[in-house]
Amino acid sequence: EHEVWNDKAFVESSHSAADHAFIYSTSFGAHKSVKTLSSARGKAALLFLSSTNLQKRDPKLDEKTNAKVSMIARTPPGSYVDENGNRAWDDKAEPKNTLDLAAAVEMPKTGAAAGTGDAGGDKNAKEGRAIVVGDSDVLADMLIVQDANQVFGYEAMLWLLRDDDKLSAEGIKPDEDVPIRHTRDEDTAWFYVTV
């Protein structure tokens, strides 16, 4: 697969054209696995060091599995797939658009639990879940220090583990300085110590 590039909306790192592959997403789908990022309404940027574009398969290929695919993270407008690998935009061959970078996949239950009539099916079967991301570095050391990447990793894991009740839409709160409060006696003690 080829890299997704954006020559207008990217993260400056090396101050070279290679940064055009260091993209971000501030647009998220309405899915439980990105509930907090979606509620941030463009104020949280999920970073992708080098990503490929995800595309939904033809629904006819999934008729037997009935897989439900939800696209959960998109690039800024003006992104393109560098089809020929020349690290530059080719006007006619590489159309600019908004591209998908991550997806949540849900597979229905199988066997008797799914109502197929298969007596040998597991009655406690649960649907299958997967998160597919076009960048293997989205949770790497360099990017996980970013708040949005941490939230993405945490909520994706909760969704995969089916801890949906722990997912909240409180939003990303910036780090706040807690005011230091002293009593009158402490202030007096600090005054005499410094004098």
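Numbering of residues starts from 1 in every chain and runs along the sequence as written. Local features in a predicted model are, by the rule used here, given only for residues with pLDDT of at least 70; side-chain atom pairs are given and counted only at 80 or more, and totals for whole chains, interfaces and linings are based on all residues. Excluded from the side-chain calculations are hydrogens and water; all other atoms, namely the structure's heavy atoms, are used.

Enquirer: Would you take a moment to explain unusual backbone geometry for this structure?
Expert: Most peptide bonds adopt trans geometry, and most residues besides glycine take a negative phi value. Here the phi dihedral of His15 falls at roughly 55 degrees; this positive angle occurs in a residue that is not glycine. Note on placement: His15 falls in the loop between strand S1 (4-5) and strand S2 (23-25). Relative accessible area serves as the criterion here: at 64%, His15 is assigned to the exposed category. The backbone of Arg41 shows a phi angle near 50 degrees, a positive value even though the residue is not glycine. Put simply, DSSP H or I for four residues or longer makes a helix, DSSP E for two residues or longer makes a strand, and each gets a number counted from the N terminus. Among the secondary structure elements, Arg41 is positioned in the loop between helix H1 (35-39) and strand S4 (46-48). Exposure classes here rest on a 1.4 Å probe applied to the protein chains alone. A residue is buried below 20% of its type maximum, exposed above 50%, and partly exposed in between.

Enquirer: I tried to follow the packing of aromatic side chains on my own but got confused; where do I start?
Expert: Aromatic rings considered in pairs are described by the distance between their centres and by the relative angle of their planes. Only Phe, Tyr and Trp rings are paired, with Trp represented by its six-membered ring, and only when their centres lie within 6.5 Å; those with planes under 30 degrees apart are stacked, over 60 edge-to-face, the remainder tilted. Overall, the coordinates contain 0 aromatic pairs when judged by the stated rule. Remark: a charge is flagged as sitting over a ring if the NZ atom of Lys or the CZ atom of Arg is within 6 Å of the ring centre and within 35 degrees of the ring normal. It is Lys96 that lies over the ring of Trp89; its NZ or CZ is 4.2 Å from the centre.

Enquirer: Sorry if this is basic, but what is going on with the nonpolar core here?
Expert: Soluble globular proteins: nonpolar side chains tend toward being buried together. Within the largest apolar cluster, 21 residues are counted, with the highest numbers of intra-cluster contacts made by Leu37, Leu46, Phe48 and Phe152. When residues of this core are traced back to their parent elements, those giving at least two are S4, strand S5 (68-74), strand S7 (100-107) and helix H3 (147-160). With 4 residues, the single largest contributor to this core is H3. Any two residues whose heavy atoms approach within 4.5 Å are treated as being in contact. Setting aside its immediate chain neighbours within four residues, Leu46 contacts Ile23, Tyr24, Ser25, Phe28, Ala73, Val138, Ala148, Asn149 and Phe152. For the purposes of this section, nonpolar cores are sets of buried Ala, Val, Leu, Ile, Met, Phe, Trp, Tyr and Cys residues that join through side-chain atoms within 4.5 Å.

Spatial relationships are all this shows, so hold off on functional conclusions.
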